[in-house]
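# Observations on the model geometry
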Amino acid sequence: QVQLVESGGGLVQAGGSLRLSCAASGSISRINLMGWYRQAPGKQRDLVATITSGGIANYADSVKGRFTISRDNAKRTAYLQMNSLKPEDSGVYSCNAEVSTSASYYTYRPYWGQGTQVTVSS
């Protein structure tokens, strides 16, 4: 069983910063892509950022220059550093990871964390 647990969310004023963490645990052989997604009330879940196992990052246009995704493969943890936060950044942030549990052949399947709330006040 694979578990992803997010932490670091909270309430912050506009212009402030938060750092989210996503820790993977369980029967994990390899983790390919990891990413962060967010969902605001009444809206669909959208991609925020992804990072490959080799450290190549991709960002939504709305967060470029403000957010930084990173990962520590040894710790099986991904991070999202969020700076210059805006009220429109508010939402539930969820971590996603493509995980293989097999040591013999690589079949990656997506896993999701429970989400962590980020609220940015004006």
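Residues numbered from 1 in each chain as written. Predicted model: local features only at pLDDT ≥ 70, side-chain atom pairs only at ≥ 80, totals over all residues. Heavy atoms only, no water.

This part takes up the nonpolar core. Note on soluble globular proteins: their nonpolar side chains tend to be buried together. Ranked by internal contacts, the top residues of the largest apolar core, which has 28 residues, are Met 34, Trp 36, Val 48, Phe 67, Leu 80, Met 82 and Tyr 93. Breaking this core down by element, the ones donating at least two residues are strand E1 (2-7), strand E3 (18-26), strand E4 (30-39), strand E5 (46-51), strand E7 (67-72), strand E8 (77-82), strand E9 (91-100) and strand E11 (116-121). Once you skip the residues sitting within four places of it in the chain, Tyr 93 turns out to touch Glu 6, Leu 20, Trp 36, Tyr 37, Arg 38, Val 48, Phe 67, Leu 80, Met 82, Gly 115, Thr 116 and Val 118. (Core = buried A, V, L, I, M, F, W, Y, C linked by side-chain atoms within 4.5 Å. Buried < 20%, exposed > 50% of the residue type's maximum accessible area, 1.4 Å probe, protein only. Helix = DSSP H or I, 4+ residues; strand = E, 2+ residues; numbered from the N terminus. Contact = heavy atoms within 4.5 Å.)

On to unusual backbone geometry. Positive phi, close to 55 degrees, is recorded for Arg 76, a residue that is not glycine. Topologically, Arg 76 is positioned in the loop between E7 and E8. On the basis of relative accessibility, which here comes to 29%, the residue Arg 76 falls in the partly exposed class. For Ser 84, which is not a glycine, the phi torsion comes out positive at approximately 50 degrees. Counting through the fold element by element, Ser 84 comes out in the loop between E8 and E9.

The next point concerns the pattern of salt bridges. Counting across every chain of the model gives 3 salt bridges. Note that Lys 64 and Asp 61 form a salt bridge whose closest N and O atoms lie 3.1 Å from each other. A relative accessible area of 64% places Asp 61 in the exposed class. The closest approach of N and O atoms between Asp 89 and Arg 66, which form a salt bridge, is 2.7 Å. Of the two residues, Asp 89 sits in the loop between E8 and E9 while Arg 66 sits in the loop between strand E6 (57-59) and E7, which places them 23 residues apart along the sequence. Overall, the relative accessible area of 1% leaves Asp 89 in the buried class. Through salt bridges with shared partners, one network takes in Arg 38, Arg 66 and Asp 89. (Salt bridge = Lys/Arg side-chain N within 4 Å of Asp/Glu carboxyl O.)

What follows is about the sheet that holds E7. Pairing is antiparallel across the open sheet formed by 4 strands, whose spatial order is E1-E3-E8-E7. Of all the strands in the sheet, just E1 and E7 have a single pairing partner and so form its edges. Strand-to-strand twist across the sheet, computed as the mean angle between neighbouring axes with direction ignored, equals 15 degrees. (Pairing = 2+ DSSP bridges. Axes fitted to C-alpha atoms, helices over the stretch in contact; angles between N-to-C directions.)

Taking burial as the measure, the 10 residues of E9 include 8 buried ones, the bulk of the element. Where E4 and E9 come together, 8 bridges link them in antiparallel fashion. Note on E9: the bridge partner recorded for Arg 30 is Ser 100. Looking at chain direction, E9 and E11 are connected through 3 bridges and run antiparallel. Bridge assignment links Val 92 to a residue of E11, and that residue is Gln 117. One ladder, built from 4 bridges, connects E9 with strand E10 (residues 109-112); its direction is antiparallel.

Turning our attention to the side chain of Arg 66. By relative accessible area, which is 11% here, Arg 66 ends up buried. From its side chain, Arg 66 meets the backbone oxygen of Ser 84 in a polar contact 3.0 Å long. With residues near it in sequence (within four places) discarded, Arg 66 still touches Gln 81, Met 82, Asn 83, Ser 84, Leu 85, Lys 86 and Asp 89. (Polar contact = N/O pair within 3.5 Å; in protein donor to acceptor, adjacent residues only side chain to side chain.)

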